[in-house]
Amino acid sequence: VRDQQEADRHLDRLIAERSSEGVVLCSMDISDERRSQFETLNLPIVALDCNTKTIPHVAVDNVEGGRMLSRHLSECGSTHQALIIGTRGAEVFRDRERGFREVCPAGSRVFETETVDIERGEEVLEQLLAEFPEVDGIACAGDTLAVGVLQGLRKRGRRVPEDVQVLGFDDQPMMDVLGI
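Residues numbered from 1 in each chain as written. Predicted model: local features only at pLDDT ≥ 70, side-chain atom pairs only at ≥ 80, totals over all residues. Heavy atoms only, no water.

Thoughts on the overall build of the protein chain
Right, so step 1: Looking only at helices and strands, one finds 7 helices and 7 strands in the protein chain.
Right, so step 2: Going residue by residue from the N terminus, the α and β elements of the protein chain occur as α-β-α-β-β-α-β-α-β-α-β-α-β-α.
Right, so step 3: Dimensions of the protein chain, computed from the C-alpha atoms along their principal axes, are close to 60 × 30 × 25 Å.
Right, so step 4: By residue count, 41% of the 180 residues in the protein chain fall in the buried class.
Right, so step 5: Within the protein chain, contacts between residues at least 6 apart in sequence are counted, and of these 60% link residues at least 24 apart.
Right, so step 6: Accessible area of the protein chain: about 10200 Å², with a carbon and sulfur share of 49%.
Right, so step 7: Between the averaged position of the 21 positive side-chain charges in the protein chain and that of its 34 negative side-chain charges there is a distance of 2 Å. (Helix = DSSP H or I, 4+ residues; strand = E, 2+ residues; numbered from the N terminus. Buried < 20%, exposed > 50% of the residue type's maximum accessible area, 1.4 Å probe, protein only. Contact = heavy atoms within 4.5 Å. Areas by Shrake-Rupley, 256 points an atom, 1.4 Å probe, with all protein chains shown as cover. Lys, Arg positive; Asp, Glu negative; His and termini not counted. Charge placed at Lys NZ, Arg CZ, Asp CG, Glu CD.)

As structure tokens, then:
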């Protein structure tokens, strides 16, 4: 779902069709009006990765996730670390950055990007290497960014993990195949 209006259209359709026994909200909240509507219909809801005070929820501890990224790089010998995050407009990326900065080695850098797709991972790598050539560990706040970084490093003849370690975040199924 790209925006709140699209999400509302999907929810309206679910309600009109009565085609659901419950709703799992992924990384989004709903209005008080919508919440009341679900209660009236006795339609259970749960939020995933969205801290809400009025809906039962399950959330990722993104601050600890950011710490874990840096700690793992450090445990594997990385002393010049970089973190690539999506836009700081998203709380999830701000939290991952906060955790990373709490434990990363002095001199580590954070690079922000508007999109978190494979192509952008490769593009931001170019900027990262130009500004931070001594980098020996790159943590990506999303797996798709890590794929782009990995592709870019290989194109430049950099060996992973021998020259530069690369970590992703989210544990997408494809990551085991790629060795990230």
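Let's pick the thread back up.
Notes on the sheet that holds strand 1 (residues 23-26)
Right, so step 1: Strand order in the open sheet formed by 3 strands is 1-2-3, and the pairing between neighbours is parallel. Lying at the two open borders of the sheet, with one neighbouring strand each, are strand 1 and strand 3 (57-58).
Right, so step 2: In the sheet, strand 2 (residues 45-48) pairs with strand 3 via 2 bridges, with the strands oriented parallel. Bridged to Ala47 within strand 3 is His57. (Pairing = 2+ DSSP bridges.)

With respect to the pairing of strand 2
Right, so step 1: Where burial is concerned, the two faces of strand 2 differ: the one with Ile45 and Ala47 is buried and the one with Val46 and Leu48 is not.
Right, so step 2: Of the pairings in the sheet, the one linking strand 1 to strand 2 comprises 4 bridges and is parallel in character. In the strand pairing of strand 2, Val23 is matched with Ile45.

Some details on the sheet that holds strand 4 (residues 81-85)
Right, so step 1: Judged by pairing direction, the sheet is parallel, and its 4 strands sit side by side in the order 5-4-6-7 without closing on themselves. The open sheet has two free edges, formed respectively by strand 5 (109-112) and strand 7 (165-167), since each of these has just one partner strand. Each adjacent strand pair in this sheet contributes to an overall mean axis angle of 15°, direction not counted.
Right, so step 2: As paired strands, strand 6 (residues 137-140) and strand 7 are joined by 3 bridges and run parallel to one another. When the bridges of strand 7 are listed, Gly137 appears paired with Gln165.
Right, so step 3: Relative to strand 5, helix 5 (residues 118-131) is tilted by about 150°, and along the sheet it contacts strand 4, strand 5 and strand 6.
Right, so step 4: Where helix 6 (residues 143-155) meets the sheet, it contacts strand 4, strand 6 and strand 7, and its direction lies at approximately 150° from that of strand 6. (Axes fitted to C-alpha atoms, helices over the stretch in contact; angles between N-to-C directions.)

Regarding helix 4 (residues 91-103)
Right, so step 1: For helix 4, spanning 13 residues, the distance from its first C-alpha to its last is 19 Å, which sits close to the expected 18 Å at 1.5 Å a residue.
Right, so step 2: All buried positions along helix 4 are accounted for by Phe93, Asp95, Arg96, Glu97, Gly99 and Phe100.
Right, so step 3: The inward-facing, buried residues of helix 4 abut helix 3 (62-75), strand 4, strand 5 and strand 6. (Expected span 1.5 Å × (residues − 1).)

Re the nonpolar core
Right, so step 1: Counting 17 residues, the largest nonpolar core has Ile84, Leu128, Ile138, Val149 and Leu153 as the members making the most contacts within it.
Right, so step 2: Listed by contribution, the elements that provide at least two residues to this core are strand 4, helix 5, strand 6 and helix 6.
Right, so step 3: Discounting chain neighbours no more than four positions away, the residues touching Ile138 are Leu73, Ala82, Ile84, Leu125, Leu128, Val149, Leu153, Val164, Gln165, Val166 and Leu167.
Right, so step 4: Listed in part, the 13 residues of the second largest apolar core include Val23, Leu43, Ile45 and Ile55. (Core = buried A, V, L, I, M, F, W, Y, C linked by side-chain atoms within 4.5 Å.)

What to know about unusual backbone geometry
Right, so step 1: Residue Pro161 is bonded to the preceding Val160 through a cis peptide linkage, with omega at 10°.
Right, so step 2: Its location among the elements puts Pro161 in the loop between helix 6 and strand 7.
Right, so step 3: The phi dihedral of Asn42 is positive, around 55°, even though this residue is not glycine.
Right, so step 4: Topologically, Asn42 is positioned in the loop between helix 2 (32-40) and strand 2.

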